[in-house]
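Notes for the structure review
Letter by letter, the chains look like this.
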Amino acid sequence: MSGEDTARAGSFFQRDRLWHPPAYTRDYKTSVARSPRLALISAANTLSEMTGPVFGHDMLGPADDDLLTNFAKPGEMAIGQRIIVYGRVLDETGRGVPDCLIEVWQANAGGRYRHGKETYDAPLDPNFGGCGRMITGPDGSYRFRTVKPGPYPWPNRVNDWRPAHIHFSLFGHAFAQRLITQMYFEGDPLIALCPIVNTIPSSEAVDTLVAALDMANTQPMDARAYKFDIVLRGRRATRFENRGEGS
Amino acid sequence: MAQKLDLLKESPSQTAGPYVHIGCTPNFSGISGVYPEDLGSALVNDKTKGERITVRGQVFDGTGTPLKDALIEIWQADATGLYPSRNETRGKADPNFTGWGRSPGDMETGEFVFETVKPGRVPFADGRAQAPHITFWVVARGINVGLHTRMYFEDEADANAEDPLLARIEHQVRVPTLIAQKTGTGEYRFDIRLQGEGETIFFDI
Ligand SMILES: [Fe+2]
């Protein structure tokens, strides 16, 4: 156990449910029948929420963080605008979260997913699978290479289009920190029109999911860089926490 | 004006969408060759200590239709009540037990299956023993923030009766939604209802 974990081993800050989307969001139609109607039961964290699975760096393959090549035939690459997405996973106190497993998935450059239930007839890219994963470094940093995903139409209202986005799944150090979210791209006019984006109540919160174009980290003549930091729940220091024996 | 607290806000959740299996269980969704196996597909191996159990169930929407595009994860203690986690300070959990499982559900029925061990008892915040339980986390298209719930065991009635978390649930009539039915030796069924009659208790933890 690291020193940081020992110092901050308390319960997690309460999740701000007014910042997250509510369960029932009328304009994102699938949520209507899939949203609990009764109140969530609030309970203090127990060890069941304050612990979480451990993923070792040794489980990663060399191309897990390179969506350009991890599904491609030898010597070939996915088609599309090459980008590098990088950033840090932080907790709400601003500390980097090391050893955090990040899984990403996305459509190809034409907006098509490699999936049996996909109905959009944009072409599949034979060299693009659409998944990648990484584990954050000691300061919470991560990076991966991919193609910029295309926007795509989806069945909601008759003419809804998702803005270009990459899905992120994150494990912190505790199951209470488990999070799935999406990353959007700076300047995309579809962001403001999207019923899924707009499940988030405030534009201030939406802005935290929009990655910034970063010319300073762009690889000249190669790949543009987008910076995307992600914040997981923070936890209390235990020093003054009132806890019973055995916990 | 007071001083600023300098706290960041948690990144807002967004739905896992219809293609969560591409990212989390790519082999299941037909994308092979990227990862050797899907993470979370096995909690136990042949050396794992404890009573082997199988947990099955489905997730139903408010119309009673089973979800076929959900991703279900579980997290639980080992047979002695220790978590295989870096935040576990009470001892070392069984090295042959991961504690964490992930299921995309069956393509046709949406049924999830976890082969695991019955968890031991874990202390509540005040030190009292909780009844054996498994934490569930459900995400899918149409679920805007992942849903946390817990599964308890029908055949642990005494432990359930003294469980500190179950005891504080105001509408005790809902507690059975958290209790898996025993359907055979070492076999349990735990269905999750997102909405409507018998809506499962979900926790804000
Ligand atoms: Fe998507």
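Structure: above.
For clarity, every value in this text was computed on a predicted model and none was experimentally measured.

What counts and how
Residues numbered from 1 in each chain as written. Chains lettered and ligands numbered in written order. Predicted model: local features only at pLDDT ≥ 70, side-chain atom pairs only at ≥ 80, totals over all residues. Heavy atoms only, no water. Contact = heavy atoms within 4.5 Å. Buried area = accessible area lost by both parts, 1.4 Å probe. Salt bridge = Lys/Arg side-chain N within 4 Å of Asp/Glu carboxyl O. Helix = DSSP H or I, 4+ residues; strand = E, 2+ residues; numbered from the N terminus. Nonpolar A, V, L, I, M, F, W, Y, C, P; charged D, E, K, R; others polar. Pairing = 2+ DSSP bridges. Buried < 20%, exposed > 50% of the residue type's maximum accessible area, 1.4 Å probe, protein only. Donors = N, O, S within 2.8 Å, 3.2 Å for Na, K, Ca; no water. Tetrahedral: all angles 85-135°; square planar, octahedral: opposite > 155°, others 65-115°. Core = buried A, V, L, I, M, F, W, Y, C linked by side-chain atoms within 4.5 Å.

Quick look at the interface of chain B and chain A now. Taken together, the contact pairs 76 residues of chain B with 94 residues of chain A. Summed over both partners, the interface of chain B with chain A comes to about 7500 Å²; 57% of that surface belongs to carbon and sulfur atoms. Ranking the residues of chain B by area buried against chain A places Glu10(B), Gln14(B) and Arg86(B) at the top, with a combined share of 13%. For the interface between chain B and chain A, the tally reads 8 salt bridges. Put simply, Arg150(B) and Glu49(A) hold a salt bridge, and the shortest N to O gap is 3.0 Å. When residues of the side of chain B that touches chain A are traced back to their parent elements, those giving at least two are helix H1 (20-24), strand E3 (71-75), strand E4 (100-103), strand E6 (133-139), strand E7 (147-153) and strand E11 (203-204) of chain B. Class assignment for the residues of the side of chain B that touches chain A results in 37 nonpolar, 21 polar and 18 charged. For strand E1 (residues 41-42) of chain A and E11(B), the ladder comprises 2 bridges, and the chain directions are parallel. When the bridges of E11(B) are listed, Ser42(A) appears paired with Asp204(B).

All names here are of chain B. Scanning the entire structure with this criterion turns up 26 salt bridges over all chains. The salt bridge partner of Arg90 is Glu88, with a shortest N-O separation of 2.6 Å. With relative accessibility at 34%, the residue Arg90 sits in the partly exposed group. For Asp126, the salt bridge is made with Arg128, and the minimal N-O distance between the two is 2.8 Å.

When a metal holds four donors in a tetrahedron, each ideal angle between them is 109.5 degrees; when it holds six in an octahedron, the ideal angles are 90 or 180 degrees. All names here are of chain A. Taken together, Tyr113 (OH), Tyr152 (OH), His165 (NE2) and His167 (NE2) make up the protein donors of the iron ion, found 1.9 to 2.3 Å from the metal. Here the iron ion binds 4 donor atoms, and the angle range of 92 to 160° at the metal identifies the geometry as irregular. Mapping the donors of the iron ion onto the primary sequence gives the spacing Y-x38-Y-x12-H-x1-H. Of the two residues examined, His165 and His167, each falls in the buried class.

Here we come to the nonpolar core. The tendency in soluble globular proteins is for nonpolar side chains to be buried side by side. If you look at the biggest cluster of nonpolar residues, it comprises 69 residues, and the most contacted ones within it are Tyr142(A) and Phe168(A). Among the elements that make up this core, the one with the highest residue count is strand E9 (residues 179-185) of chain A (5 residues). Core analysis: the second largest hydrophobic core is formed by 27 residues, Leu67(B), Phe97(B), Val138(B) and Phe190(B) among them.

Treat this as a map of the structure, not an account of what it does.
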